[in-house]
Amino acid sequence: MADKIETVAFLGPKASYTHQATLTSFPALPPSHLHPQTTIADVFTAVQSRTATHGVVPFENSTNGSVVFTLDLFADLQHQHPDILVCGEVYVPVRHCLVGHIPTPPRTASTSTSTSTSTASQGDDSGAQTPTRSAPNPLKPRATPLADLSRVQKLYSHPQAWGQCNAFLSTYLKGVERLDVSSTSRAAELVAADASGASAAVSSEIAAQIHGLDYLARGIQDAEDNETRFFILRRAAERDGADGAQGGDGGGDEETEKWKTLIAFTVDHEDPGALAKALEVFKTYGLNLTSINARPSGIVAWNYVFFVEIKGRRLEGGEGVVNRALRDLGRAARGWRWLGSWESKLER
Ligand SMILES: O=C(O)C(=O)C[C@]1(C(=O)O)C=C[C@@H](O)C=C1
């Protein structure tokens, strides 16, 4: 992929998890070729308008599921990003921290030797939540606070992060106002500007370091192996030979196992079994489905755009099984769009 890459747009600012995904995917690219964007939509627009040759966006988290903003951009209801294709993926471990400002205690004879982290945690130190009827076995947080959190009145983060840190946030910061911002690194940036100690962010360790913030807790995500999958985007018209759409016959099991393909389709909602008929196509060609998602169609209430990922790749001008399945899908579905084929990076 390296020779033709000029610029990569990613969800910024610097130190977002998407930035980490970008550095992992494009390690040789100089920083001046990496363009942070404010929103995921801006990344799509940068690639569509050729401002960037590639884009990097979050797609799915192992704990909290799909990134709906990204799915909606692939659905492209406003026809703003018709040429966007996925050409790669990268998995990044996500270890969230609670970051903010720990107030420096006034120096007196008796306190001068104490450290700022010695005032850890208020309230329930057991880290256990009270069982209720709706949550009889509440998750136990994996981390305990490193500082007194009683001053924290506002929490900032990307909405995807809340669902990944449920146990910690509902145990130690229950009822504290949560403000959604465009990324976890933007959250750290905002908290850095509020020296009062009343704001905290859920962000990465790197974001805390670059903004000079204190750790109020580390490793607060519910699952130790929490990770997010990111997609690398390119424009349809610009072939870079790395997306699997060229060469080979795409036939053998080994080939199929190595690749993934993303497809969006719609069905006739009045036709009973329409979705089953569309999915049957993949079964007919022995194509394993690895994910399925639905998003509102945006045209008729309670109608949906379906997204499936399958193992295998579409061949450019070729006759592979995915090409054949897509031809049949054209008959079974109301409409469909191929959204790219790429090499799988899942290592298990
Ligand atoms: O906010 C960031 O740092 C991002 O890169 C976005 C994002 C996401 O949308 O999933 C990426 C990884 C984490 O799952 C949380 C947030």
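Residues numbered from 1 in each chain as written. Predicted model: local features only at pLDDT ≥ 70, side-chain atom pairs only at ≥ 80, totals over all residues. Heavy atoms only, no water.

- As annotated in an unreviewed UniProt entry, the protein chain is prephenate dehydratase from Mytilinidion resinicola.
- UniProt annotates the protein chain under Catalytic activity (unreviewed entry) with the comment "prephenate + H(+) = 3-phenylpyruvate + CO2 + H2O". (UniProt positions renumbered as here; feature names shortened; annotations may be inferred.)

Quick look at the pairing of strand β3 (residues 54-61)
At step 1: With respect to burial, β3 is a largely interior element, 7 of its 8 residues being buried.
At step 2: Strand direction decides the pairing type here: strand β1 (residues 8-11) and β3, joined by 3 bridges, are parallel. Residue pairing across strands places Ala-9 opposite Gly-55, the latter belonging to β3.
At step 3: Sheet analysis places β3 next to strand β11 (residues 227-235), joined by 6 bridges and oriented antiparallel. Counterpart to Glu-60 in the pairing with β11 is Arg-229.
At step 4: Where β3 lies against strand β4 (residues 65-66), 2 bridges are found, and the strand directions are antiparallel. Within β4, the position partnered with Asn-61 by the bridge is Gly-65.
At step 5: Counting the residues between successive antiparallel strands, the hairpin from β3 to β4 contains 3 residues. (Buried < 20%, exposed > 50% of the residue type's maximum accessible area, 1.4 Å probe, protein only. Helix = DSSP H or I, 4+ residues; strand = E, 2+ residues; numbered from the N terminus. Pairing = 2+ DSSP bridges.)

A few points about the pairing of strand β9 (residues 199-203)
At step 1: A large share of β9 lies buried, amounting to 5 of its 5 residues.
At step 2: Where strand β6 (residues 97-100) lies against β9, 4 bridges are found, and the strand directions are antiparallel. Paired with Leu-98 across the bridge in β9 is Val-202.
At step 3: Where strand β7 (residues 154-157) and β9 come together, 3 bridges link them in parallel fashion. When the bridges of β9 are listed, Lys-154 appears paired with Ser-199.

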